[in-house]
Amino acid sequence: MERYQSEFDKWKGEVSLDKASKIELLKLTEVEKEKRFKEYMDFGTAGLRAKMGVGTAFMNLYTVAHATAGLAKLICSEGEEAKERGVAIAYDSRNNSPEFARRAAEVLSANDIKVYLFDKLR
């Protein structure tokens, strides 16, 4: 089985996947499945950049959580002082930016990392 099909099947079977994402998944063609699930987004000098939509190669709440989990792991590896120093999270006016900021804050908080989440656009 191709990696993209395995990833697609994981997402399709995920009970916590929101309804809109589940509907989007079920409408994908084979070509779209491969495009969206063959790889993960690249993290470059400008951070994570991709089209929005369902899939490991696209920006969505799940890929933001996945990337943030990696950051949390790094911070936790630095010890309690690093966790206590915490992370400041702001957001801008782009689509879903406030939701992505909240998801990142949730993941960090779940790892006992102090979070300073701005309450307005910055």
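Heads up: the structure comes first, above all this text.
Cut-offs used in this document
Residues numbered from 1 in each chain as written. Predicted model: local features only at pLDDT ≥ 70, side-chain atom pairs only at ≥ 80, totals over all residues. Heavy atoms only, no water. Helix = DSSP H or I, 4+ residues; strand = E, 2+ residues; numbered from the N terminus. Contact = heavy atoms within 4.5 Å. Areas by Shrake-Rupley, 256 points an atom, 1.4 Å probe, with all protein chains shown as cover. Lys, Arg positive; Asp, Glu negative; His and termini not counted. Charge placed at Lys NZ, Arg CZ, Asp CG, Glu CD. Axes fitted to C-alpha atoms, helices over the stretch in contact; angles between N-to-C directions. Parallel < 35°, antiparallel > 145°, perpendicular 65-115°, else oblique. Left-handed = near helix turned anticlockwise from the far one by under 90°. Nonpolar A, V, L, I, M, F, W, Y, C, P; charged D, E, K, R; others polar. 1 Å grid on protein atoms, 1.4 Å probe; cavity = no way out; pocket = protein on both sides within 12 Å on 5 of 7 lines; lining within 4 Å. Points joined across faces, edges and corners; volume = space filled by probe spheres on them. Salt bridge = Lys/Arg side-chain N within 4 Å of Asp/Glu carboxyl O. Buried < 20%, exposed > 50% of the residue type's maximum accessible area, 1.4 Å probe, protein only.

Student: So what exactly am I meant to see when it comes to the overall build of the protein chain here?
Tutor: A count of helical and extended segments in the protein chain gives six helices and four strands. Counting from the amino terminus, helix and strand elements in the protein chain follow one another as α-α-α-β-β-α-α-β-α-β. In the protein chain, 55% of the contacts between residues at least 6 apart in sequence involve partners at least 24 apart. Accessible surface for the protein chain amounts to roughly 8,000 Å². Of this, 54% is attributable to carbon and sulfur atoms. The averaged location of the 20 negative side-chain charges in the protein chain is 4 Å from the averaged location of its 21 positive side-chain charges.

Student: Looking at this structure, I do not really get the packing of helix H4 (residues 61–77) against helix H6 (residues 97–110). What am I missing?
Tutor: In a pair of packed helices, the angle between the axes and the distance between the axes together describe the arrangement. Two numbers describe how H4 lies on H6: the axes approach to 9 Å, and their chain directions differ by 40 degrees. Of the possible angle classes, the one that applies to H4 and H6 is oblique. Considering how the two elements wind past one another, H4 and H6 form a crossing that is right-handed. Seen from H4, the contacting residues are Leu61, Tyr62, Val64, Ala65, Thr68, Ala69, Leu71, Ala72 and Ile75; seen from H6, they are Glu99, Phe100, Arg103, Ala104, Val107 and Leu108. When grouped by side-chain class, the residues that make up the contact of H4 with H6 number 12 nonpolar, one polar and two charged.

Student: Even after reading the chapter, I still don't get the layout of surface pockets, so can you show me in this structure?
Tutor: Take a probe with the size of a water molecule and roll it over the atoms, and the empty space left behind shows itself. As a volume, the largest pocket reaches approximately 700 Å³. Residue lining of the largest pocket: 25 residues in total, with Leu48, Arg49, Met59, Val64 and Phe100 positioned closest to the centre. For the lining of the largest pocket, the secondary structure elements donating two or more residues are strand S2 (47–48), H4, strand S3 (87–89) and H6. Along the lines of polarity and charge, the residues of the lining of the largest pocket split into 18 nonpolar, four polar and three charged.

Student: Sorry if this is basic, but what is going on with the pattern of salt bridges here?
Tutor: If the charged atoms of two oppositely charged side chains come close together, the side chains can form a pair. Scanning the model with the defined rule gives 12 salt bridges in all. Residue Glu24 pairs with Arg36 through a salt bridge whose shortest N-O separation is 2.6 Å. Of the two residues, Glu24 sits in helix H2 (residues 19–26) while Arg36 sits in helix H3 (residues 30–37), which places them 12 residues apart along the sequence. The buried category is assigned to Arg36, whose relative accessible area is 11%. A salt bridge links Glu32 to Arg36, with the shortest nitrogen-to-oxygen separation between them at 2.8 Å. With Glu32 and Arg36 both in helix H3, this residue pair falls four residues apart, about one helical turn. Classification of Glu32 as partly exposed rests on a relative accessible area of 23%. Through salt bridges with shared partners, a single ionic network connects Arg3, Glu7 and Lys10.

Student: Would you mind showing me how to read the environment of His66 here?
Tutor: Along the polypeptide, His66 turns up in helix H4. Residue classification places His66 among the partly exposed positions, given a relative accessible area of 49%. When the C-alpha positions of His66 and Gly79 are compared, they lie 21 Å apart, and in sequence the two are 13 residues distant.

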